[in-house]
Amino acid sequence: MKTDLTDTTSSKINKALVLGRRAIGTPAVGMVLTLVIVTDEENAYDALKAANEASREHPSRTLVVIKRVSRSPRDRSKARLDAEVRLGADASTGETVVLRLYGEVVDHAQSVVLPLLLPDAPVVVWWPVNAPTDPANDPLGALAQRRVTDTYAAEQPIQELTARADAYTPGDTDLSWTRITPWRSMLAAALDQVVCEVTSAVVEGEEFNPSVELLAMWLAGRLEVPVRRSKSTGPGLTSVRLETNAGPIVLDRPDGSLATLSIQGQPDRAVALKRRETAELIAEELRRLDPDDTYATALKFGLDRLAEEAATTAPEPVAEAVEAAEAAEETPAEPAPAAAKRTKKAPAKKAAAT
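These notes cover the structure that comes with them. Given the structure is predicted, the values throughout are model-derived calculations rather than measurements.

## Comments concerning the sheet that holds strand β4 (residues 80-86)
And step 1. Taken in spatial order, the eight strands make up an open sheet running β1-β4-β5-β3-β2-β6-β7-β8, and their pairing is mixed. The open sheet is flanked by β1 (2-5) and β8 (172-174), the only strands paired with a single partner. Here the strands of the sheet are splayed against their neighbours by 15 degrees on average, with no regard to which way each runs.
And step 2. The pairing of strand β2 (residues 33-39) with strand β3 (residues 60-67) spans seven bridges and is parallel. If you follow T39 over to β3, its bridge partner there is I66.

Printed below as a string of structure tokens:
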């Protein structure tokens, strides 16, 4: 059931919701939360489709806030609110209200959304694109217990992670972090199977993918070892290699679907590690509405610190080799037979150092 309201108000929208529920025979409100989606017209369809699929697991009232750009000064000075109320089969298992804001009301979206929130129910705000730098201080973000962004959709995803860390507030999360949940679970399970000490790690993935950096920072923080980031053609994350004193542990996914887990001394195992759709990511985030402390710790680890610790993976013999080269330049040239003898002994000395 769809109801179109032009140049309307929040009270009229609430009235349309009540009348719609009565018309389809479901007067009781069985929603568990309010999901507010802040997006533009271009991305509204995909975001709403993902929210409707997630509502099968989490019945919710979905409010889609679309801020329309007025073309003329006259239109910008005139405030208008259009709404589309969807109930029943058109809204999956919940309720959907698409709000289109014009003119001055664009700057006061919270005053439109506030009367439409479910009473005594948690609020989640999701920005599929164009998320604010500080979600908690955004007028709409201030209404929510959880604030979901997606740095993968940002113009500069990696730099956006630093801004997210600086402005982090308990309740913030990001879909780039949600995407690596299966990877974190698989790596943790692999380490439980082997008694070993991890010495270093390499995370490989496509360029400009913040999930790669987040996974690297999580590993560096939890294992307290240097973690290096390596680029690949993708898709997404492609490989994680853990160097241990019992041999390497490698989780490799070259095709974005099926991964191979390799552990020293054990047969290789095929692991289902498919790239998930946005609906699955949103459904996962709606399962818990308390602050994600693990995400906060990984995010605040910092890209600069990650790069500094990765630089320490260079072996110390490199520095010794530089000193030896400098000393050789200062030492007078030796006779040819003596140099030949030293050259023959060099491989044995190098093998012992290794």
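## Considerations on the sheet that holds strand β14 (residues 269-272)
And step 1. In space, the six strands of this open sheet follow the order β10-β9-β11-β12-β13-β14, with mixed pairing throughout. Each having just a single partner strand, β10 (227-232) and β14 make up the two edges of the open sheet. For this sheet, the mean angle separating the axes of adjacent strands, direction not counted, is 15 degrees.
And step 2. Looking at chain direction, strand β9 (residues 198-206) and β10 are connected through six bridges and run parallel. Note that in β10 the partner of G205 across the bridge is K231.
And step 3. Along the sheet, helix α7 (residues 181-192) contacts β9, β11 (237-244), β12 (249-252), β13 (258-263) and β14; its crossing angle with β11, the most-contacted strand, is approximately 25 degrees.

## Regarding the environment of T238
And step 1. Along the chain, T238 falls in strand β11.
And step 2. Relative accessible area serves as the criterion here: at 4%, T238 is assigned to the buried category.
And step 3. Remark: the alpha-carbon pair of T238 and E206, spanning 32 residues in sequence, is separated by 7.7 Å.
And step 4. With residues near it in sequence (within four places) discarded, T238 still touches W183, E204, G205, S232, L251, D252, R253 and P254.
And step 5. Within the structure, the side chain of T238 is placed 3.0 Å from the side chain of S232, a separation counted as a polar contact.

Reading the values: rules and limits
Residues numbered from 1 in each chain as written. Predicted model: local features only at pLDDT ≥ 70, side-chain atom pairs only at ≥ 80, totals over all residues. Heavy atoms only, no water. Pairing = 2+ DSSP bridges. Helix = DSSP H or I, 4+ residues; strand = E, 2+ residues; numbered from the N terminus. Axes fitted to C-alpha atoms, helices over the stretch in contact; angles between N-to-C directions. Contact = heavy atoms within 4.5 Å. Buried < 20%, exposed > 50% of the residue type's maximum accessible area, 1.4 Å probe, protein only. Polar contact = N/O pair within 3.5 Å; in protein donor to acceptor, adjacent residues only side chain to side chain.

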